[in-house]
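# Understanding the architecture of this molecule
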Amino acid sequence: MNLTTKCNVNCEKCWQKKVHGGGSDIKQEVLDRFFELFKEYEGYVLIGTGEATIAKHLIEFIEWINISKSKTMILTNGLELNQYINNKNCFSNKITWGISVDGFYNSDLENMQYGLDIEIVKENISKIKLFYPRAQIYINYTLSKKNINSLLDAIVFFEKNQLNDFYITSLKAYENLNEDKIVPYLLDLNEIETKDKLK
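Everything numeric in this text was worked out from a predicted model, so none of it was measured.

## Brief notes about the pairing of strand 3 (residues 71–76)
With four bridges connecting them, strand 2 (residues 44–47) and strand 3 associate as parallel partners. Counterpart to Y44 in the pairing with strand 3 is K71. Handedness of the crossover joining strand 2 and strand 3 through helix 2 (residues 58–67): right-handed.

Quick look at the structure:
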């Protein structure tokens, strides 16, 4: 479900790139109808497409998810997560935050992502895990020619912050990479004991 089609970042690779600077929030009557139709739903509700952390109705959705039978994954770029840190309901065991990162350093994002400060995202992740050690955060790291040398530093940072859900995808369409040579895979950071072992 889309709570909004608005976004606070402009990404070259985004299929919604043309919406940047525009977009809209879900209408209240549509959200109310969703709550009514899904009141007995026991699965996952995926929130994505626009930047959920700037959606007008995000807190209302989170309040509903916490009393419903459902769980949710909320996709985000992580830039605005700091505004939710004082609200423990945003980090209950029914909520997983799916943070997409396109690099580990701001230099990794040059000419690809505009308006995102990755240092703020990393600071937000660290604060959340400090205040809510059991907060569920999923990292989707988009591997590209620009950030491949930063991958090891990213993995060490995510491991330090006890983020064991770490998924690597490739930027194949944007970089014209051959589809049959790219295989997304899961890394269980619990199996990585040291930086040297990973190398």
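## What to know about the pattern of salt bridges
This structure, assessed with the given rule, holds five salt bridges. For D25, the salt bridge identified is with K6, shortest N-O distance 3.4 Å. Pair noted here: D25 is in the loop between strand 1 (10–11) and helix 1 (28–37) and K6 is in the segment before strand 1, with a separation of 19 residues, a long-range link. Between E123 and K127 there is a salt bridge, and its shortest N-O distance comes to 3.2 Å. Of the two residues, E123 and K127 both sit in helix 3 (residues 118–131), four residues apart, roughly one turn of that helix. On the basis of relative accessibility, which here comes to 43%, the residue E123 falls in the partly exposed class.

## Focus on helix 3
End to end, helix 3 covers 20 Å across 14 residues, agreeing with the expected 20 Å (1.5 Å per residue, within 8%). Those residues of helix 3 that are buried lie in contact with strand 4 (95–101), strand 6 (136–143) and helix 4 (151–160). Backbone nitrogen of E119 and a side-chain oxygen of the N-cap are separated by 2.9 Å at the start of helix 3; the cap is D117.

## Here's the deal with the environment of L79
Tracing the backbone shows L79 in the loop between strand 3 and strand 4. Expressed as a C-alpha distance, the spacing of L79 and I54, which sit 25 residues apart in the sequence, is 9.9 Å. Residues contacting L79, with those up to four places away along its chain left out, are N8, V9, G115, L116, D117, I120, V121 and N124.

## Considerations on the packing of helix 1 against helix 2
Here helix 1 crosses helix 2 at 10 degrees, and the two axes come no closer than 12 Å. In terms of orientation, helix 1 lies roughly parallel with respect to helix 2. The residues of helix 2 that touch helix 1, namely those facing Q28, L31, D32, F34 and F35, are E60, F61 and W64. Its residues assigned to classes, the contact of helix 1 with helix 2 shows five nonpolar, one polar and two charged.

Here is what the cut-offs are and how they apply
Residues numbered from 1 in each chain as written. Predicted model: local features only at pLDDT ≥ 70, side-chain atom pairs only at ≥ 80, totals over all residues. Heavy atoms only, no water. Pairing = 2+ DSSP bridges. Helix = DSSP H or I, 4+ residues; strand = E, 2+ residues; numbered from the N terminus. Right-handed = clockwise from strand over helix to strand, strands pointing away. Salt bridge = Lys/Arg side-chain N within 4 Å of Asp/Glu carboxyl O. Buried < 20%, exposed > 50% of the residue type's maximum accessible area, 1.4 Å probe, protein only. Expected span 1.5 Å × (residues − 1). Contact = heavy atoms within 4.5 Å. Polar contact = N/O pair within 3.5 Å; in protein donor to acceptor, adjacent residues only side chain to side chain. Axes fitted to C-alpha atoms, helices over the stretch in contact; angles between N-to-C directions. Parallel < 35°, antiparallel > 145°, perpendicular 65-115°, else oblique. Nonpolar A, V, L, I, M, F, W, Y, C, P; charged D, E, K, R; others polar.

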